[in-house]
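Residue-level listing of the chains:
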Amino acid sequence: MDRRHFIRNMALAGMALGIPSRLWANDSHTQTEQPKLSGKGLQLTFTPYELKLRHSFNLAKFSRTTTPDVLTSITIDGITGYGEASMPPYLGESIESVTKFLSRLDLSQFSDPFRIDDIHDYMDGIAPGNSAAKASVDIALHDLLGKLMGQPWYRIWGLNPSLAPATSYTIGIDTPDMVRVKVEEAAPYKVLKVKMGLDRDRETIEAIRSMTDRPICVDVNQGWNDKHMALDMCHWLKEQGCLFVEQPMPKEMIDETVWLRERSPLPIVADEFMQGLADVPRCHGVYDAINIKLMKCGGLHDAYKMAVLARGMGMKVMLGCMTETSCAISAASQLAPMADWADLDGNLLIANDCFSGMKIVDGMITLRPDLPGIGATKI
Ligand code: MG
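Residues numbered from 1 in each chain as written. Predicted model: local features only at pLDDT ≥ 70, side-chain atom pairs only at ≥ 80, totals over all residues. Heavy atoms only, no water.

Going by the annotation in an unreviewed UniProt entry, the name recorded for the chain is Dipeptide epimerase, with Candidatus Amulumruptor caecigallinarius given as the source organism.

A word on the sheet that holds strand β6 (residues 216-219)
Paired through their backbone hydrogen bonds, the strands of a sheet run either parallel or antiparallel. Note the cut-off: The pairing criterion for strands is at least two bridges between them, as found by DSSP. Elements are defined by DSSP. Helices are runs of H or I of four residues or more, strands are runs of E of two residues or more, and each kind is numbered from the N terminus. In what follows, a contact means two residues having at least one pair of non-hydrogen atoms within 4.5 Å. An axis is simply a line fitted to the C-alpha atoms; with a helix, the fit covers only the stretch in contact. Between two such axes, the angle follows the N-to-C directions and lies from 0 to 180 degrees.
Pairing in this open sheet of 8 strands is parallel, and the strands run β4-β5-β6-β7-β8-β9-β10-β11 from one edge to the other. Each having just a single partner strand, β4 (168-171) and β11 (341-342) make up the two edges of the open sheet. Both β6 and strand β7 (residues 242-246) contribute to a ladder of 3 bridges, which runs parallel. Considered in β7, the bridge of Ile216 is made with Cys242. This element, helix α12 (residues 300-312), spans β9 (289-292) and β10 (316-319) of the sheet and lies at about 175° to β9.

Describing helix α4 (residues 131-149)
Rules: Expected span of a helix, by definition, is 1.5 Å for each gap between consecutive residues, and there is one gap fewer than residues. Three exposure classes are used, based on accessible area relative to the maximum for each residue type with a 1.4 Å probe and protein chains only: buried under 20%, partly exposed in between, and exposed over 50%.
Taking 1.5 Å as the rise per residue, α4 with 19 residues should run 27 Å; its terminal C-alpha atoms sit 26 Å apart, in good agreement. Counting buried positions over the 19 residues of α4 gives 18, a clear majority of the element. Following α4 by one or two positions, Gly150 adopts a phi angle in the positive range, close to 70°.

As for the packing of aromatic side chains
Two descriptors summarise a pair of aromatic rings, namely the distance from one centre to the other and the angle between the planes of the rings. Defined as follows: The aromatic pairing rule takes the rings of Phe, Tyr and Trp, using the six-membered ring of Trp, and pairs them if the centres are within 6.5 Å, calling planes under 30 degrees apart stacked, those over 60 edge-to-face and the rest tilted. The rule is short: NZ of Lys or CZ of Arg within 6 Å of the ring centre and within 35 degrees of the ring normal puts a charge over the ring.
As enumerated under the stated definition, the model contains 7 aromatic pairs in all. Summarising the aromatic geometry, the rings of Phe244 and Trp341 are spaced 4.4 Å apart at their centres and angled 35° between planes, so their arrangement reads as tilted. Taken together, the positions of Phe244 in strand β7 and Trp341 in strand β11 put the pair 97 residues apart, joining distant regions of the chain. Relative accessible area serves as the criterion here: at 2%, Phe244 is assigned to the buried category. Linked through ring pairs, Trp153, Trp157 and Tyr304 together constitute an aromatic cluster. The positively charged end of Arg282 is found above the aromatic ring belonging to Phe273, 4.2 Å away from the centroid.

Let's talk about the packing of helix α8 (residues 227-239) against helix α9 (residues 254-263)
For clarity, the cut-off: Here the angle decides the label: under 35 degrees means roughly parallel, over 145 means roughly antiparallel, 65 to 115 means roughly perpendicular, and every other value means oblique. Here a crossing is taken to be left-handed if its near helix is turned anticlockwise relative to the far helix by less than a right angle, and right-handed if that turn runs clockwise.
Following both chains from N to C, one finds α8 and α9 inclined at 30°, their axes separated by 10 Å at the closest point. Judged on the interaxial angle alone, α9 and α8 are roughly parallel. Between α8 and α9 lies a crossing whose hand is right-handed. Where α8 approaches α9, its residues Lys227, His228, Ala230, Leu231, Cys234 and His235 are matched on the opposing element by Glu256, Trp259, Leu260 and Arg263.

Brief notes about the coordination of the magnesium ion
Tetrahedral metal sites with four donors have an ideal angle of 109.5 degrees; octahedral sites with six donors have ideal angles of 90 or 180 degrees. What counts here: Here the coordinating atoms are restricted to nitrogen, oxygen and sulfur within 2.8 Å of the metal centre, or 3.2 Å for Na, K and Ca, and because water is not among them the sites may look incomplete.
Protein coordination at the magnesium ion comes from Asp219 (OD), Glu246 (OE) and Asp271 (OD), with a distance range of 2.1 to 2.3 Å. All donors of the magnesium ion come from a single chain, and their spacing in sequence reads D-x26-E-x24-D. Of this pair, Asp219 sits in strand β6 while Glu246 is found in strand β7, placing the two residues 27 residues apart along the sequence. Each member of the pair, Asp219 as well as Glu246, carries the same accessibility label: buried.

Focus on the UniProt feature "active site" (unreviewed entry) in the chain
Applicable threshold: UniProt positions are given in the numbering used here, feature names are shortened, and annotations may be inferred rather than shown by experiment. N or O atoms within 3.5 Å of each other form a polar contact, as long as, within protein, one can give a hydrogen and the other can take it, and as long as residues adjacent in sequence are counted only when both atoms are side-chain atoms.
In the numbering used here, UniProt assigns the feature "active site" (unreviewed entry) to Lys195 and Lys293. Secondary-structure assignment places Lys195 in strand β5 (residues 191-195). Judged by its relative accessible area of 8%, Lys195 is buried. A polar contact of 2.9 Å, which involves the side chain of Lys195, links it to the side chain of Asp219.

Have a look at this one:
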C-alpha cells in the first residue's frame, strides 16, 4: 500500500471507529470529511534524558550502565503526542546527533498531522539515516493521530489484541551466579531471551536450566564465526527448549548463514543484518524471520509495512526494542498482534521509566482499547 492510500484508509477507519465528534466535520458524510483542526502548525519539542539501567548490559561486544535517550512531543490545538529516541552507542546516533537533527526540523509548516507521508519525506530530505531521531517524531505523530481519532493504533490497523504474543525477558551475558539472580527476577515472564556469543554460552544455558524449564530464545549478536560450531549449538539449543536463534553469525557471513539455515532445526532471525523496510527482501532465503525495531526502521510507519511485507514473503516477524521507556515500548506493542515473537522488555530493564503504558500480564503483552494513540501516558 502506498503512503497516500494508507493515510486515506486510516482516516476512513478513524471515522468508522467513532471519532469524537468535535474533531470531525458533521455537516456531511463524504470522503472529504476532515478533523476540525485550527490550521495551526505542529509544534515539536524535545528533551535529552539518560536512561539508567537496572543491571549493566553485557552483549558479546559491548557493556554499559546507561543509554542516552531523547523525549519528544508534538502538539496541535492543545493535544499532545509523545515520542522517544533511544540511542544504544553501537548504532551510531547520540544525544548530540538526535538533538541536532530535530533542531533542523520545522514542523510548524504542517497544519495537517495526518500527512505522515509528507512529514517522513520532509525528514528524509533534511538528512538520510538518523533513524532513531526520525522514530521519535514518527512515534509522537502516531500518538497524536491516535488521540485525535480517539483510538489506539492496533485498532486503527484492524488487529486482534488477543493475538499479541508473550514477551521474552532478556538475560544479559553474566556470571552463572548473576544469571541465576536474573532468572529469579524474570519469574513473571513465559519466555527468557538469553544473550550469547562468549565462551561460556553452554554454562549460561545450564545455569538457567538448573532453575527453570521455561522456553528460551537466544540472541548471539553475531558472536559465532564458525558455521559448523553454530550448527552444533543450534542442535544442542533445540534439545534445551530453545525457540529460535537470533543473528548467530556476523551479518557479512551471508553464505554461511544460508548454509546454517538450511540445516538448523531452529528458525534463524535477522537483526544486525537488517535495518529498515528496504532490507526485508534481502532477508528472504537467508533468514527465517526479521526482528523489527522502531529505533532502527524510523518508527511505526515503516514498521507496519515491514511486518506486512515479511509475512507476505513467508517470513516470521519478531518485534524487538532497545532499552527505552514505556513510550516506545507501548508504541511497538501496538504491532504485537502481527508478531510471532516479541522481545519488548526494554522498559523493564531501566530504573527511571517516565511513562506508564503497556503492561505485561501473565507474561503476555496486553493492549487496551481505552488508551488511544500509542497507549502510553507521561508520568
Ligand atoms: Mg538482537
